[in-house]
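Listed below are the residues making up each chain.
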Amino acid sequence: MSIKLIVSDIDGTLIPFHGSVSERTRAAVRACAEKGVTFSIATGRWYVPAKAVTEAIGQTDGCMIIAGGGAIVSLSGEVIQEWGIPDARAEQVYAIMRKHDVMMNTFTRGNLYRLNTRAYGRRVDELDSYLGGAFLVHADDQALFERDGLKRPYKMEAYTRDEAKLREIAEELNEAGFSVTSSYPTNIEITERDMGKGVAVEWLANKVGATREECMAMGDNTNDLSLLGAVGWPIAMGNAVSELKSVARLIAPDSADDGAAIMIERALEDRL
């Protein structure tokens, strides 16, 4: 059966960590447009850094899934669909995280609120450059964080280099019924269990008229579990964590070896 929708994570999937978009990847994305196959990124990044990737791959039409599945936006940034953690539940996440010495992030429609940046042990401006200079970042303003940052956030995060501390927080959040995943060894990402990349992909598939078996998705870490679980062709990168490989239908080459581009090419040629 022909693939109608291809969705890819960015970091460690479409682009190697600390790498750049290859010409083969750009060509594969162009081929999607030429063959009428919908292509979308699905990332934990917010709009500004996600938009930079769409520009780098040469995508000129369509949409993208951002903030870990918190929203689907057009390439120009218009919100098409969004999901949020209810205010009371966001306050519950905050109460759990603040018991530990970690940096906390919360993403809302137009802002990132960041608290306790000192705890991350890394220059905050490095993180700001990752998010993009045009994005509104509010750092270390507790009153603002508590007033506005907990209003239906798309996702929340804890950052620390202490992996044992992250496991402890994750365990408490899991017991409270939240979905806890990760995109890096130094973070956990928190949403409600009925949110995430998978829910966004299902919504997008319905929008473009693609059945589950006509959808392919690629990822590399635990925040891609719901993404792969939502499609008929779940693909884990060769560099993916074992949890993701265990649910994949196919294993792609590493992201550094153009694994995502190779799988897109195979999908377009009906060679999956």
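Refer to the structure printed above.
Notes on the structure follow. Counting restarts for each chain: residues are numbered from 1 in the order of the written sequence. Selection of residues for local features in this predicted model requires a pLDDT of at least 70, selection of side-chain atom pairs for listing and counting requires 80 or more, and totals for whole chains, interfaces and linings are taken over all residues. To get the side-chain values, take all heavy atoms of the structure and skip hydrogens and water.

1. Remarks on the overall build of the chain
Put simply, the test is: A helix here means a DSSP run of H or I that spans at least four residues, while a strand means a run of E at least two residues long, and both kinds are numbered starting from the N terminus. What the globule rule says is 2.2 Å times the number of residues to the power 0.38, and the radius of gyration is computed from C-alpha atoms. Only protein chains enter the calculation, and the probe is 1.4 Å; a residue is then buried if its accessible area is under 20% of its type maximum, exposed if over 50%, and partly exposed in between. Contacts are assigned to residue pairs with any non-hydrogen atoms lying within 4.5 Å of each other. All accessible-area figures derive from a Shrake-Rupley calculation using a 1.4 Å probe, and residue coverage is judged against the displayed protein chains alone. When charges are counted, Lys and Arg are positive and Asp and Glu negative, with His and the chain ends excluded. By convention, the charge on Lys lies at NZ, on Arg at CZ, on Asp at CG and on Glu at CD.
Across its full length, the chain holds ten helices and 14 strands. What you see for the chain is a C-alpha radius of gyration of 18 Å, in line with the 19 Å of a compact globule of 272 residues. For the chain, with 272 residues in total, the buried portion stands at 55%. Considering only contacts within the chain whose residues lie at least 6 apart along the sequence, 61% involve residues at least 24 apart. When the accessible surface of the chain is split by element, carbon and sulfur atoms take 48% of a total near 11400 Å². Of the side chains in the chain, 30 bear a positive and 40 a negative charge, and the two mean positions are spaced by 1 Å.

2. Examining the pattern of salt bridges
Convention followed: Any Lys or Arg side-chain nitrogen located within 4 Å of an Asp or Glu carboxyl oxygen qualifies as a salt bridge.
The full count for this structure, using the stated rule, is 17 salt bridges. In this structure, the salt-bridge partner of Asp-11 is Arg-45, at a minimum N-O distance of 2.6 Å. Of this pair, Asp-11 sits in the loop between β1 (5-8) and α1 (23-34) while Arg-45 is found in the loop between β2 (38-41) and α2 (47-57), placing the two residues 34 residues apart along the sequence. Residue classification places Asp-11 among the buried residues on the basis of a relative accessible area of 13%. Among the residues examined, Arg-45 registers a relative accessible area of 13% and is labelled buried. Residue Arg-26 pairs with Glu-23 through a salt bridge whose shortest N-O separation is 3.1 Å. Note that Arg-26 and Glu-23 are positioned in helix α1 at a spacing of three residues, about one turn of the helix.

3. Some details on the sheet that holds strand β6 (residues 103-107)
Spelled out, the test is: For two strands to count as paired, DSSP must find a minimum of two bridges between them. Simply put, an axis is a line fit to the C-alpha atoms, just over the touching stretch for a helix, and the angle between two N-to-C directions goes from 0 to 180 degrees.
Read across the open sheet, the six strands follow the order β8-β7-β6-β9-β11-β10; overall the sheet is mixed. Strands with a single pairing partner mark the edges of an open sheet, and in this sheet they are β8 (136-139) and β10 (178-181). Averaged over all pairs of adjacent strands, the angle between their axes in this sheet comes to 20°, without regard to strand direction. Pairing between β6 and strand β7 (residues 111-115): four bridges, direction antiparallel. Looking at β7, one finds that Thr-106 is bridged to Tyr-113. Its contacts with the sheet put helix α3 (residues 87-97) on β6, β7, β9 (155-159), β10 and β11 (187-192), and the angle it makes with β9 is roughly 5°. Contacts between helix α6 (residues 163-175) and the sheet are confined to β9, β10 and β11, with β11 contributing the most and set at about 10° to the helix.

4. With respect to unusual backbone geometry
In this model, Asp-140 sits at a positive phi of 60°, which is unusual for a non-glycine residue. Residue position: Asp-140 is located in the loop between β8 and α5 (142-148). Its relative accessible area of 42% is what places Asp-140 among the partly exposed residues.

5. So, α2
Within α2, the full set of buried residues consists of Tyr-47, Pro-49, Ala-50, Val-53, Thr-54 and Ile-57. Two residues or fewer past α2, Gly-58 is found with a positive phi of approximately 80°.

6. Brief notes about the sheet that holds strand β3 (residues 63-66)
Spatial ordering of the open sheet is given by β3-β4-β5, a layout of three strands whose pairing is antiparallel. Bordering the open sheet on either side are β3 and β5 (79-82), each of which pairs with just one other strand. Sheet twist, expressed as the average angle between the axes of neighbouring strands with direction ignored, equals 20°. Of the strand pairs in this sheet, strand β4 (residues 71-74) and β5 are connected by three bridges, and their pairing is antiparallel. Opposite Ala-71, over in β5, you have Glu-82 as the bridge partner.

7. Description of the pairing of β2
So the rule is basically this: By convention, a crossover is right-handed whenever its connection, traced from the first strand over the helix to the second and viewed with the strands pointing away, goes clockwise.
When β1 meets β2, the two strands line up parallel, connected through four bridges. Opposite Leu-5, over in β2, you have Thr-38 as the bridge partner. This β-α-β element, β1 to α1 to β2, shows right-handed connectivity.

8. A closer look at the packing of α1 against helix α10 (residues 259-268)
The condition that has to hold: Each angle gets one of four labels, with under 35 degrees taken as roughly parallel, over 145 as roughly antiparallel, 65 to 115 as roughly perpendicular, and the rest as oblique. By definition, any crossing whose near helix is turned counterclockwise from its far helix by less than a right angle is left-handed, and any crossing with a clockwise turn is right-handed.
Where α1 contacts α10, the two axes come as close as 9 Å, and the packing angle between them is 30°. Between α1 and α10, the angle is such that the two are roughly parallel. Where α1 crosses over α10, the handedness of that crossing is left-handed. Contacts between α1 and α10 pair Arg-24, Thr-25, Ala-28, Ala-31 and Cys-32 from the former with Ala-261, Ile-262, Ile-264, Glu-265 and Leu-268 from the latter.

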